[in-house]
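Commentary on secondary and tertiary structure
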Amino acid sequence: MIHKNMPKMLSVMVPFPYSISSKAPLNDAKKMMDEHNIHHLPIVENDDIIGIISEHDLYKAVALGHKLEDEDGLETGDLVSRRAYMVDINDSLADVLSAMADNHLEATVILKEGDIAGIFTAVDALKHHVKLLHKVFDKSSPDDIFA
């Protein structure tokens, strides 16, 4: 069912996300995540988005014995296991959330005319859900909340 008032990704995404080259050492990704207090970075190769690297991916690499500081070690592109989930800025939030949940995705890249326009993560979804809960339930009496 299509709801004309359903939020579009443009209204909920984090705009202008940082990205990193597939050839960058893992330590560069870690530094960028720490510096900007982010947990996901789109990985680009020749202007194409090939995936997303997460803080969890870096932890897994370290757990497997890789050193983030090793310049001759793994590159960010080595950790891409599948293509990034990408959607358009005008796609429905409900459709994207359903796809993220069905496919156990932590993040999606938001595109505008094929270029990165934003990113949307599971944490962003939770933040928006909290806002919605307050909007709906702060107007209700406590007895109405679970009726």
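**Quick look at the overall build of the protein chain**
Across its full length, the protein chain holds 4 helices and 7 strands. When the helices and strands of the protein chain are placed in sequence order, the string is β-β-α-β-β-α-β-α-β-β-α. Considering only contacts within the protein chain whose residues lie at least 6 apart along the sequence, 55% involve residues at least 24 apart. With the model as given, the accessible surface of the protein chain reaches about 9800 Å², and the carbon-plus-sulfur share is 54%. In the protein chain, the 14 positive side-chain charges and the 25 negative ones have mean positions that sit 6 Å from each other.

**Observations regarding a negative patch on the surface**
A contiguous patch of negative charge, built from E45, D47, D48, E113 and D115, is present on the exposed surface. Residue position: D48 is located in strand 4 (residues 48–54). Classification of D48 by relative accessible area gives partly exposed; the value is 46%.

**Overview of the sheet that holds strand 3 (residues 40–45)**
Pairing is mixed in the open sheet, where 3 strands are placed in the order 2-3-4. Each edge of the open sheet is held by one strand with a lone partner, namely strand 2 (20–21) and strand 4. Two strands pair when backbone bridges link them, and strand 2 and strand 3 are joined in this way by 2 bridges, in the parallel orientation. Considered in strand 3, the bridge of S21 is made with V44. Along the sheet, helix 1 (residues 26–36) contacts strand 2, strand 3 and strand 4; its crossing angle with strand 4, the most-contacted strand, is approximately 70°.

Criteria and thresholds
- Residues numbered from 1 in each chain as written.
- Predicted model: local features only at pLDDT ≥ 70, side-chain atom pairs only at ≥ 80, totals over all residues.
- Heavy atoms only, no water.
- Helix = DSSP H or I, 4+ residues; strand = E, 2+ residues; numbered from the N terminus.
- Contact = heavy atoms within 4.5 Å.
- Areas by Shrake-Rupley, 256 points an atom, 1.4 Å probe, with all protein chains shown as cover.
- Lys, Arg positive; Asp, Glu negative; His and termini not counted.
- Charge placed at Lys NZ, Arg CZ, Asp CG, Glu CD.
- Patch = residues over 30% accessible without salt bridge, like charges linked within 9 Å, V, L, I, M, F, W, Y side chains within 5 Å.
- Salt bridge = Lys/Arg side-chain N within 4 Å of Asp/Glu carboxyl O.
- Buried < 20%, exposed > 50% of the residue type's maximum accessible area, 1.4 Å probe, protein only.
- Pairing = 2+ DSSP bridges.
- Axes fitted to C-alpha atoms, helices over the stretch in contact; angles between N-to-C directions.

That's the geometry; what it means functionally is another story.
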